[in-house]
Amino acid sequence: MRNEKYECRDWQWAAQWLFLPLCLLAFTPVGVQAQIEFDDDNEIVVVDEEGNEEEIGLPESMGAYLDSLVTLYMSTTYLTPDNDCRTADVNPEFSKEEYIDRLYRMPTVIEMPWNEVVKACIDRYTVRGRRQVSFLLGACNFYMPFFEAALEAYQLPLELKYLPIIESALNPTAVSRAGAAGLWQFMPSSGKAYGLEMNTLVDERRDPLKSSYAAAHLLSDYYKLFDDWHLAIAAYNCGPENINKAIRRAGGEKDYWKIYSFLPRETRGYVPAFIAANYVMNYYCDHNICPMQTQLPVKTDTVMLDRNVTFAQISAVCGFSIDMLRSLNPQYRRDVVPGATAPSALRLPVSDVTRFIDLQDSVFAYTEGAFEKRKEVDIDERVVSARSNKRGRQATRSSRSGSTKSVTVRKGDTLGAIAKRNGTTVDNLRRLNGIKGNNITAGKKLRVK
């Protein structure tokens, strides 16, 4: 697996980029003039010249959730500040023209236009979220190869690799309020539709590689549907049905910025957030932000297991950190690799694969912390015998009660009338009750069966 360090550097563009005319149109959504205010952690308030306010939702990962990233086990264990490059507290100020120029010069096929909402999203990252951007840059070193491989497989623009930044803030175990999970935030229904398995032990929405291929497939389908990357990206957020509704309400317009006002509130901030993520991941150095240093392995590989094994077994025998196993295999929800269900991949640092293979039999044989599921159990025969005897007695009583039946003689009854009512004969009544003749007494009980 390729792994590269993101470093502060000056961009060296090809000559054709340097001499292209800067003809970028700064699209501004309807009602946006100049004033952008931050409301709560997941909203931007847009105020037009007449004082009218509009709340624009932002992805959950850009709110308070992002502030907790530095406390995650992965960041505290595997990401540390770079002592040779310290993130400053102050964000430099740049002119509108500088932002427009930088966005335009990025080597992308997806348009990256500037407007006040995009600028507000950039500020969210470069002002309030400076420390979190350091985290994201460090985590990128590990996750980007997965994203790039999947996007290349479907021949999609590589700038889409920054979509998980606004989806999950690169937390593979992230779960949204709506139940979306993983780096690419798949809902259960869409995850299953694109081949991601979910059960008690496994959630492949959290698998960095498998979820990346599923996301690339889904984005490819959305682009085929709309033939526009901004609409495809917006559909990834709110679904193609909502995009089609917005297009109809906008009179058939198929430009994201022209259907903007008809989109769901969060989707209005989604494409601007995507543009801002691309900007900050390319120009963080200009904003005096340094990547964290990652201790995650430079290269990893997988071994396929055909038996159930727990992280505790692997750790005890091989000496691997359980936190490391969780970081590299976030799809296993309960620290169990369910190889007995289907061959399952265990991702390890390349340097540890040989050690695991050498000790594999010992790992399987190690019982402490093993995942035990009994295939067959013996039943306590004393319990079975006691229950059988109880049922036998109940059955005997039931049989006895079911074989006899008595009735009370009514005033004026005759043996013939009683026999007729109960489906028997006079002779049978005489035999059952020891009667000679026809005399019976009202109120007396007679056996009829």
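Preceding this section is the structure that the text describes.
Residues numbered from 1 in each chain as written. Predicted model: local features only at pLDDT ≥ 70, side-chain atom pairs only at ≥ 80, totals over all residues. Heavy atoms only, no water.

Peer 1: Would you mind going over the packing of aromatic side chains with me for this structure?
Peer 2: The description of two aromatic rings rests on the distance between their centres and on the angle between their planes. Summed over the entire model, instances satisfying the criterion amount to twelve aromatic pairs. Their ring planes at 50° and their centres at 5.6 Å tell us that Y99 and Y279 sit as a pair that is tilted. Separated by 180 residues along the polypeptide, Y99 in helix 4 (residues 96–105) and Y279 in helix 13 (residues 265–283) bring together distant segments of the chain. Pairing F142 with F146 gives two aromatic rings, centres 5.5 Å apart and planes at 70°, and the pair type is edge-to-face. One end of the pair is F142 and the other is F146, both in helix 6 (residues 130–153) and four residues apart, which spans about a single turn. In this pair, the class of F142 matches that of F146, namely buried. Three or more aromatic residues joined by ring pairs make a cluster, and in this case those are F142, Y143, F146, F147 and W184. Sitting over the face of the ring of F94, R102 holds its NZ or CZ atom 3.9 Å from the ring centroid. Above the ring of Y283, the side-chain terminus of R102 is found at 5.6 Å from the ring centroid. (Phe/Tyr/Trp six-rings, centres within 6.5 Å; stacked < 30°, edge-to-face > 60°. Helix = DSSP H or I, 4+ residues; strand = E, 2+ residues; numbered from the N terminus. Buried < 20%, exposed > 50% of the residue type's maximum accessible area, 1.4 Å probe, protein only. Lys NZ or Arg CZ within 6 Å of the ring centre and 35° of its normal.)

Peer 1: What exactly am I supposed to notice about the packing of helix 9 (residues 208–226) against helix 11 (residues 240–249) here?
Peer 2: Two numbers describe a pair of packed helices, the interaxial angle and the distance between the axes. Put simply, helix 9 and helix 11 touch, their axes get as near as 12 Å, and they point 20° apart. Comparing their axes, helix 11 and helix 9 come out roughly parallel. For helix 9 against helix 11, the interelement crossing comes out right-handed. Where helix 9 approaches helix 11, its residues Y222, L225 and F226 are matched on the opposing element by P240, I243, N244 and I247. (Axes fitted to C-alpha atoms, helices over the stretch in contact; angles between N-to-C directions. Parallel < 35°, antiparallel > 145°, perpendicular 65-115°, else oblique. Left-handed = near helix turned anticlockwise from the far one by under 90°. Contact = heavy atoms within 4.5 Å.)

Peer 1: What am I meant to see in helix 11 here?
Peer 2: An α-helix turns once every 3.6 residues. As a result, residues three or four positions apart point the same way. Listed as buried for helix 11 are P240, I243, A246 and I247. Viewed end-on, helix 11 has its buried residues packed into an arc of 120°, placing them on one side of the element. Across helix 11 from its buried face, at more than 90 degrees, point the exposed residues E241, R248 and R249. Residues of helix 11 that are buried make contact with helix 9, helix 10 (229–238) and helix 12 (256–259). Of the residues one or two after helix 11, G251 is the one with positive phi, at around 75°. (Arc of directions from axis to C-beta.)

Peer 1: When you look at the pattern of salt bridges in this model, what are you seeing that I'm missing?
Peer 2: Pairs may arise between side chains of opposite charge once their charged atoms sit close together. Taken as a whole and judged by the stated rule, the model has ten salt bridges. Notably, a salt bridge pairs K210 with E204, separated by 2.9 Å at the nearest N-O pair. Several salt bridges converge on common partners, so that one network encompasses D323, R326 and D335. (Salt bridge = Lys/Arg side-chain N within 4 Å of Asp/Glu carboxyl O.)

Peer 1: In this structure, what is going on with unusual backbone geometry? I would like to understand it.
Peer 2: Most peptide bonds take the trans configuration, and most residues that are not glycine carry a negative phi. Of note, the phi angle at N288 is positive, near 60°, even though the residue is not glycine. With respect to the helices, strands and loops of the structure, N288 is situated in the loop between helix 13 and strand 5 (293–294). For N288, a relative accessible area of 36% corresponds to the partly exposed category. Despite not being glycine, D335 has its phi angle at roughly 60°, a positive value.

Peer 1: Just to check I follow, could you spell out the pairing of strand 9 (residues 344–349) for this structure?
Peer 2: Of all six residues in strand 9, five are buried; the element is thus mostly enclosed. Where strand 6 (residues 300–305) lies against strand 9, six bridges are found, and the strand directions are antiparallel. Considered in strand 9, the bridge of L305 is made with S344. (Pairing = 2+ DSSP bridges.)

Peer 1: Just to check I follow, could you spell out the nonpolar core for this structure?
Peer 2: If you look at the biggest cluster of nonpolar residues, it comprises 102 residues, and the most contacted ones within it are Y236, I243, I314 and F356. With 13 residues, the single largest contributor to this core is helix 6. Once you skip the residues sitting within four places of it in the chain, I243 turns out to touch F226, L231, A234, A235, C238, I259 and L263. (Core = buried A, V, L, I, M, F, W, Y, C linked by side-chain atoms within 4.5 Å.)

Peer 1: Any chance you could explain the packing of helix 10 against helix 13 here in plain terms?
Peer 2: Interaxial distance between helix 10 and helix 13 falls to 9 Å at its minimum, and their mutual angle equals 125°. On the basis of their axis angle, the class for helix 10 and helix 13 is oblique. Considering how the two elements wind past one another, helix 10 and helix 13 form a crossing that is right-handed. Residues H230, I233, A234, Y236, N237 and C238 of helix 10 form the contact with helix 13, whose own contacting residues are E266, T267, Y270, V271 and F274. Here the residues of the contact of helix 10 with helix 13 are counted per class, giving seven nonpolar, three polar and one charged. (Nonpolar A, V, L, I, M, F, W, Y, C, P; charged D, E, K, R; others polar.)

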